[in-house]
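Inside the fold
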Amino acid sequence: MDTKEQQFTDIIKKHERTIYTVCHMFSDDKDEVNDLYQDILVRLWQGFDAFEGKSDIKTWIYRVSLNYCINFSHKQKRQRERLSFGGGLPADGSSLERNLQVKQLYKRINALGLVDRSVVLLWLEGLSYDEIGAILGISVKNVSFKLVRIKEKLKKMSNI
């Protein structure tokens, strides 16, 4: 394995969880998540030479992963519309009630629009507003505004 391949492999090993987290936000199907993961790896490899290091590597991985999953989601929606017209969550040993609450939360998050879902995903991953803004190409103030609005939406969904 040459130096470039080893460097790429090391980066992917370090950020594998990040990629899988994004994939799980866009699909509950294990096979589909694995397909998304593989497709994202291909995209990352194809763009690896072009990565200039102007941003953190994690930011770049998030951006590529989110863009791919958003495009995939749009494509799936168009296919479903045409047809209709003519991860799971990992078990962590917590109580059944907590698992149900987490599943309900993820179900509500998945009901959000793609951009809102992406903002929540990145926020839940513990990224700063600056990092979220850089990944999504929006201002820090816009990130803050979106999170407040999203939290209100999620609260309303829990009252329904």
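So, here's what we can say about the structure. This one's a predicted model, so the numbers in the text were calculated from it and none came from an experiment.

Looking now at the packing of aromatic side chains. Under the counting rule described, the total for this entry stands at five aromatic pairs. Aromatic pair tryptophan 45 and phenylalanine 48: ring centres 6.4 Å apart, planes at 10°, arrangement stacked. Note that tryptophan 45 and phenylalanine 48 are positioned in helix H2 (residues 30–48) at a spacing of three residues, about one turn of the helix. The exposure class of tryptophan 45 is partly exposed, given its relative accessible area of 33%. Using a relative accessible area of 9% as the deciding quantity, one classes phenylalanine 48 as buried. Aromatic rings pair up to connect Phe8, Trp45 and Phe48 into one cluster. Cation over ring: lysine 4 sits above tryptophan 45, and NZ or CZ is 4.5 Å from the ring centre.

Take the nonpolar core next. Formed by 39 residues in total, the largest nonpolar core has its most connected members in Ile19, Cys23, Phe26 and Leu44. Looking at this core, the elements with two or more residues in it are helix H1 (3–26), H2, helix H3 (57–85), helix H5 (114–124), helix H6 (129–136) and helix H7 (140–159). The element contributing the most residues to this core is H3, with ten residues. For cysteine 23, the contacting residues outside a window of four places in its chain are Val33, Leu36, Tyr37, Ile40 and Cys69.

The next thing to look at is the pattern of salt bridges. Under the criterion given, the structure shown has five salt bridges. Across the pair lysine 4 and aspartate 49 runs a salt bridge, and its minimum N-O distance is 2.9 Å. Within this pair, whereas lysine 4 is found in helix H1, its partner aspartate 49 is found in the loop between H2 and H3, the two being separated by 45 residues in sequence. When the shortest N-O distance is used, the salt bridge between aspartate 116 and lysine 153 registers 3.0 Å. Residue aspartate 116 is found in helix H5, and its partner lysine 153 is found in helix H7; the two are separated by 37 residues along the sequence.

Okay, the packing of H1 against H2 next. Look at H1 against H2: their axes get within 10 Å of each other, and the N-to-C directions meet at 140°. Comparing the axis directions of H1 and H2 gives the class oblique. For the pair H1 and H2, the crossing hand works out as right-handed. Mapping the contact onto sequence places Lys4, Glu5, Gln7, Phe8, Ile11, Ile12, Glu16, Ile19, Tyr20, Cys23 and His24 in H1 and Val33, Asn34, Leu36, Tyr37, Ile40, Leu41, Leu44, Trp45 and Phe48 in H2.

Once that is clear, we can look at the side chain of threonine 59. Mapped onto the elements of the fold, threonine 59 is located in helix H3. Beyond its immediate stretch of four places on either side in the chain, threonine 59 contacts Ala134 and Ile135.

The next thing to look at is H2. Between the first and last C-alpha of H2 there are 26 Å, a value that for 19 residues agrees with the 27 Å anticipated at 1.5 Å per step. Those residues of H2 lying buried are Val33, Leu36, Tyr37, Ile40, Leu41, Leu44, Gly47 and Phe48. Each buried residue of H2 lies within a common arc of 145° when the element is viewed along its axis, so the set occupies one face. Facing away from the buried side of H2, by more than 90 degrees, are the exposed residues Asp31, Asp35 and Gln46.

So, how was this worked out
Residues numbered from 1 in each chain as written. Predicted model: local features only at pLDDT ≥ 70, side-chain atom pairs only at ≥ 80, totals over all residues. Heavy atoms only, no water. Phe/Tyr/Trp six-rings, centres within 6.5 Å; stacked < 30°, edge-to-face > 60°. Helix = DSSP H or I, 4+ residues; strand = E, 2+ residues; numbered from the N terminus. Buried < 20%, exposed > 50% of the residue type's maximum accessible area, 1.4 Å probe, protein only. Lys NZ or Arg CZ within 6 Å of the ring centre and 35° of its normal. Core = buried A, V, L, I, M, F, W, Y, C linked by side-chain atoms within 4.5 Å. Contact = heavy atoms within 4.5 Å. Salt bridge = Lys/Arg side-chain N within 4 Å of Asp/Glu carboxyl O. Axes fitted to C-alpha atoms, helices over the stretch in contact; angles between N-to-C directions. Parallel < 35°, antiparallel > 145°, perpendicular 65-115°, else oblique. Left-handed = near helix turned anticlockwise from the far one by under 90°. Expected span 1.5 Å × (residues − 1). Arc of directions from axis to C-beta.

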